[in-house]
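Each chain is listed here by its residues.
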Amino acid sequence: MAANPLIAWTIETGHELEYLDQLILSSDDEEIMTVAEEYDCEVPFQRPAELA
């Protein structure tokens, strides 16, 4: 059985909070962005590496 990626735990917790109605990820890492989208987190853009 595979464990959830660390970012998944954070996103799942965010979805459980009653005071949040939107989760948005800012990242320059393609793998993290893909995982975030799989867990229903918005990833509207890839952050430029120089801002990482």
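Residues numbered from 1 in each chain as written. Predicted model: local features only at pLDDT ≥ 70, side-chain atom pairs only at ≥ 80, totals over all residues. Heavy atoms only, no water.

A. Molecular detail of the overall build of the chain. From N to C terminus, the chain includes two helices and zero strands. Each principal axis of the C-alpha atoms in the chain carries an extent, and together these give about 35 × 30 × 15 Å. Within the chain, buried positions represent 21% of all 52 residues. Considering only contacts in the chain between residues 6 or more positions apart, those separated by 24 or more positions represent 29%. Here the chain has roughly 4300 Å² of accessible surface; of this, 54% comes from carbon and sulfur atoms. (Helix = DSSP H or I, 4+ residues; strand = E, 2+ residues; numbered from the N terminus. Buried < 20%, exposed > 50% of the residue type's maximum accessible area, 1.4 Å probe, protein only. Contact = heavy atoms within 4.5 Å. Areas by Shrake-Rupley, 256 points an atom, 1.4 Å probe, with all protein chains shown as cover.)

B. Just helix H2 (residues 30–38), in detail. Taken as a whole, H2 has its buried residues at Met 33, Val 35 and Ala 36. Mapping the buried residues of H2 onto a view down its axis gives an arc of 165°, with all of them on the same face. Among the exposed residues of H2, those oriented more than 90 degrees off its buried face are Glu 31 and Glu 38. Looking at the buried residues of H2, the elements they touch are helix H1 (6–16). In the segment just after H2, Asp 40 is the residue with positive phi, at about 60°. (Arc of directions from axis to C-beta.)

C. Fine view of the pattern of salt bridges. Evaluation of the coordinates by the stated rule reveals one salt bridge. With a closest N to O distance of 3.8 Å, Arg 47 and Asp 28 form a salt bridge. Of the two residues, Arg 47 sits in the segment after H2 while Asp 28 sits in the loop between H1 and H2, which places them 19 residues apart along the sequence. On the basis of relative accessibility, which here comes to 23%, the residue Arg 47 falls in the partly exposed class. Owing to a relative accessible area of 29%, Asp 28 belongs among the partly exposed residues under this scheme. (Salt bridge = Lys/Arg side-chain N within 4 Å of Asp/Glu carboxyl O.)

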